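# Fold and contact review
Here is how the chains run, residue by residue.
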Amino acid sequence: MSDNLVSTRAAAERAGVSAKTIGRWVDAGLLRAVFTAGGHRRVSANDLDAFLASRQSLLSLDVASSPVVVVGTSRAETVAAFRTAADRLRLTARIASANAPFELGLLVGRLVPTAVILDVPNFRAASDVVAALRLLAFPGRIGLLSDALWPHPATPDATARADDPRGPLALLRAVAVS
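Structure report, in brief. All of these numbers come straight from a predicted model, not from anything done at the bench.

What counts, and at which threshold
Residues numbered from 1 in each chain as written. Predicted model: local features only at pLDDT ≥ 70, side-chain atom pairs only at ≥ 80, totals over all residues. Heavy atoms only, no water. Axes fitted to C-alpha atoms, helices over the stretch in contact; angles between N-to-C directions. Helix = DSSP H or I, 4+ residues; strand = E, 2+ residues; numbered from the N terminus. Parallel < 35°, antiparallel > 145°, perpendicular 65-115°, else oblique. Left-handed = near helix turned anticlockwise from the far one by under 90°. Contact = heavy atoms within 4.5 Å. Nonpolar A, V, L, I, M, F, W, Y, C, P; charged D, E, K, R; others polar. Buried < 20%, exposed > 50% of the residue type's maximum accessible area, 1.4 Å probe, protein only. Pairing = 2+ DSSP bridges.

## Some details on the packing of helix α4 (residues 76-88) against helix α7 (residues 167-175)
- For the pair α4 and α7, interaxial distance at closest approach is 9 Å and the crossing angle is 55°. The orientation of α4 with respect to α7, classified from their angle, is oblique. Crossing hand, α4 versus α7: right-handed. In contact with A81, F82, A85, A86 and R88 of α4, α7 contributes P168, L169, L171 and L172.
- Its residues placed into classes, the contact of α4 with α7 shows eight nonpolar, no polar and one charged.

Dropping the structure here:
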């Protein structure tokens with residue numbers, strides 16, 4: 001563990017959570033800590049940053065860096081497919097993922113992505129999300145990975161078939177800015 005140790009309060013401020021949450025993460029074995037002679041936890045700032053990055057914490061993402069494409073899906077393999085497609089296209093955009101509408105809303109509000117792509121068969125309320133993004137005048141583009149025709153009035157900027165292995169590549173070409 002690094003010598004750059006911080007208190008649970010400082011770790012909580014850095015992570016955007018409460019000190020009790022930091023304590024729970026330590027107690028659950030998710031985050032390593034050392035204990036002072038008085039029984040207080042100290043967390044490595046480097047370990048905390050790595051932990052937050054691995055969890056894609058909203059507050060650990062740097063909003064000033066490269067463009068972001070948010071993928072709404074509950075499947076890790078879909079996120080991996082989009083990351084692979086982004087690499088193949090040599091996009092500078094990062095791929096962030098959200099597996100629920102609330103989380104997607106937080107990411108869109110925090111990161112202001114260049115595009116939002118929804119994996120319709122594996123994302124609840126996709127039609128409501130598209131309608132809400134249009135209603136809020138979302139400045140980015142919206143793409144859908146769908147297994148059927150899109151019957152809803154709120155239309156996306158691009159669609160691709162969910163069963164097409166080239167779907168992620170086609171959607172990123174259509175909606176993402178390099």
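## Describing unusual backbone geometry
- Residues other than glycine seldom take positive phi values, yet R90 does so here, at roughly 55°.
- Looking at the secondary structure, you find R90 in the loop between α4 and β5 (94-98).
- R90 gets classed as exposed once you look at its relative accessible area, which sits at 71%.
- One non-glycine residue, V112, adopts positive backbone phi at about 45°.
- The exposure class of V112 is exposed, given its relative accessible area of 52%.

## Some details on the environment of V70
- Note that V70 resides in strand β4 (residues 68-72).
- Taking relative accessible area as the criterion, V70 reaches 0% and is therefore assigned buried.
- Measuring from C-alpha to C-alpha, the distance between V70 and I142 comes to 9.7 Å, with 72 residues separating the pair along the chain.
- Excluding anything up to four places from it in sequence, V70 contacts A96, A98, L104, L107, P113, A115, V116 and I117.

## Digging into the sheet that holds strand β3 (residues 41-44)
- Read from one edge to the other, the open sheet built from three strands follows the order β1-β3-β2, with strand pairing classed as antiparallel. Sheet topology places β1 (5-7) and β2 (34-35) at the edges, where each strand pairs with a single neighbour.
- Bridge analysis of β2 against β3 gives two bridges, and the strand direction is antiparallel. Counted as the bridge partner of V34 is R42 from β3.
- The strands touched by helix α1 (residues 8-15) within the sheet are β1 and β3, with β1 carrying the most contacts at an inclination of about 90°.

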